[in-house]
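One-letter residues, chain by chain:
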Amino acid sequence: MEIKAQLLDENGINRALKRISHEIIERTKGVENVALVGIKTRGVPLAKKIAQYIEEFEGVKIPVGVLDITLYRDDLTEQFEQPNLNQTSIDFDIKDKIVILVDDVLYTGRTVRAAMDAIIHIGRPKAIQLAVLIDRGHRELPIRADYVGKNVPTSTLEIVHVKLKETDEKDEVVITER
């Protein structure tokens, strides 16, 4: 896999997450009723970083949960005979909260649809919003992000790779060709 382009380096990722954090604070008019839920795998460290920045800016610690959408995917039978289940960990009440789902890349919208199904199964939030580091287009469902780090028009032959220190030992976003 040859890297076609680097979209963001570590500083670019941090700038995008800080901007998203400020936008969340502004749009929600404070963060007292906000919770972040990271979609496994790379949405989790992104959600934690956003929560860290919000705490830095506002002095308020907001809850962060981990969401595994494996059982809610509509392509599960196409990919695996027996799904590999990870753990969802949301140890706070989402009722009447603004739940912000956090993911690395928004592409077709199917992951987000599965995440919304999973959240609704857990409880009834006041609202569900979406924060993504990269929006690459090519939606198959009518889903859009409320907070976007970077919009990147891509071809369907390209793959956007988000690498984070927590999972990949390096912070960067690159594009490769299939």
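Residues numbered from 1 in each chain as written. Predicted model: local features only at pLDDT ≥ 70, side-chain atom pairs only at ≥ 80, totals over all residues. Heavy atoms only, no water.

(A) Looking closely at the nonpolar core. Counting residues in each nonpolar core, the largest one holds 32 residues, and the members touching the most others are Ile 24, Leu 36, Ile 100, Leu 133, Ile 134 and Val 173. Secondary-structure elements contributing two or more residues to this core are strand S1 (3–8), helix H1 (10–27), strand S2 (34–39), helix H2 (43–58), strand S4 (98–106), strand S5 (127–135), strand S7 (158–163) and strand S8 (172–177). Excluding its chain neighbours within four sequence positions, the residues that come into contact with Ile 100 are Ile 24, Val 34, Ala 35, Leu 36, Val 37, Gln 129, Leu 130, Ala 131 and Tyr 147. Among the nonpolar cores identified, the runner-up in size contains 21 residues, and Ile 39, Val 99, Leu 101 and Ile 143 belong to it. (Core = buried A, V, L, I, M, F, W, Y, C linked by side-chain atoms within 4.5 Å. Buried < 20%, exposed > 50% of the residue type's maximum accessible area, 1.4 Å probe, protein only. Helix = DSSP H or I, 4+ residues; strand = E, 2+ residues; numbered from the N terminus. Contact = heavy atoms within 4.5 Å.)

(B) Representation of helix H4 (residues 110–122). Here H4 contains 13 residues, and its C-alpha end-to-end distance of 19 Å stays within 8% of the 18 Å for a straight helix at 1.5 Å per residue. What H4 keeps buried is the set Val 112, Ala 114, Ala 115, Ala 118 and Ile 119. An end-on view of H4 places all buried positions within 160 degrees of arc, on one side of the element. Turned more than 90 degrees off the buried face of H4, the exposed positions are Ile 120 and His 121. (Expected span 1.5 Å × (residues − 1). Arc of directions from axis to C-beta.)

(C) Up close: the sheet that holds S7. Taken together, the three strands give an open sheet; going across it, the order is S1-S8-S7, and neighbouring strands pair in antiparallel fashion. The open sheet terminates on both sides in strands that have one partner only, identified here as S1 and S7. Averaged over all adjacent pairs, the angle separating strand axes in this sheet is 25 degrees, with direction ignored. Summarising the sheet, S7 and S8 pair through six bridges and their orientation is antiparallel. Considered in S8, the bridge of Val 162 is made with Val 173. (Pairing = 2+ DSSP bridges. Axes fitted to C-alpha atoms, helices over the stretch in contact; angles between N-to-C directions.)

(D) Quick peek at the pairing of S8. With five of its six residues buried, S8 lies for the most part within the structure. Note: S1 against S8, four bridges, orientation antiparallel. Within S8, the residue paired with Leu 8 across the bridge is Val 173.

(E) Fine view of the pairing of strand S3 (residues 64–67). Two strands pair when backbone bridges link them, and S2 and S3 are joined in this way by four bridges, in the parallel orientation. What sits directly across from Val 37, in S3, is Gly 65.

(F) Spotlight on the UniProt feature "short sequence motif: PRPP-binding" (unreviewed entry) in the protein chain. UniProt records the feature "short sequence motif: PRPP-binding" (unreviewed entry) at residues 99–111, using the numbering of this structure. Structurally, residues 99–111 is divided into 15% helix and 62% strand, and its ends, taken at the C-alpha atoms, are 16 Å apart. (UniProt positions renumbered as here; feature names shortened; annotations may be inferred.)

(G) Examining the side chain of Glu 172 more closely. Tracing the backbone shows Glu 172 in strand S8. A polar atom in the side chain of Glu 172 sits 2.9 Å from the side chain of Gln 6. For Glu 172, the residues in contact, after removing those within four places along its chain, are Gln 6, Leu 8, Asp 9, Ile 13, His 161, Val 162 and Lys 163. (Polar contact = N/O pair within 3.5 Å; in protein donor to acceptor, adjacent residues only side chain to side chain.)

(H) Quick peek at the environment of Asp 117. Position of Asp 117 among the secondary structure elements: in helix H4. The class for Asp 117 is partly exposed, based on a relative accessible area of 34%. Taking C-alpha positions, Asp 117 is 6.8 Å from Tyr 72, a pair spaced 45 residues apart along the chain.

(I) Quick look at the pattern of salt bridges. For the structure on display, the rule yields 15 salt bridges. A salt bridge links Lys 4 to Glu 177; its shortest N-O distance comes to 3.1 Å. A residue pair is termed long-range when its members are at least 10 positions apart, and Lys 4 in strand S1 and Glu 177 in strand S8 qualify at 173 residues. Given the relative accessible area of 48%, Lys 4 is considered partly exposed. (Salt bridge = Lys/Arg side-chain N within 4 Å of Asp/Glu carboxyl O.)

(J) The arrangement of the packing of aromatic side chains in detail. The full count for this structure, using the stated rule, is one aromatic pair. The interplanar angle of 10 degrees and the centroid separation of 6.2 Å between the aromatic rings of Tyr 53 and Phe 57 together place this pair among those described as stacked. Here Phe 57 and Tyr 53 lie together in helix H2, a separation of four residues that amounts to about one turn. Given a relative accessible area of 9%, Tyr 53 falls into the buried group. Take Phe 57: its relative accessible area is 29%, and that puts it in the partly exposed class. Taking the ring centre of Tyr 107 as reference, the NZ or CZ of Arg 136 above it sits at 4.0 Å. (Phe/Tyr/Trp six-rings, centres within 6.5 Å; stacked < 30°, edge-to-face > 60°. Lys NZ or Arg CZ within 6 Å of the ring centre and 35° of its normal.)

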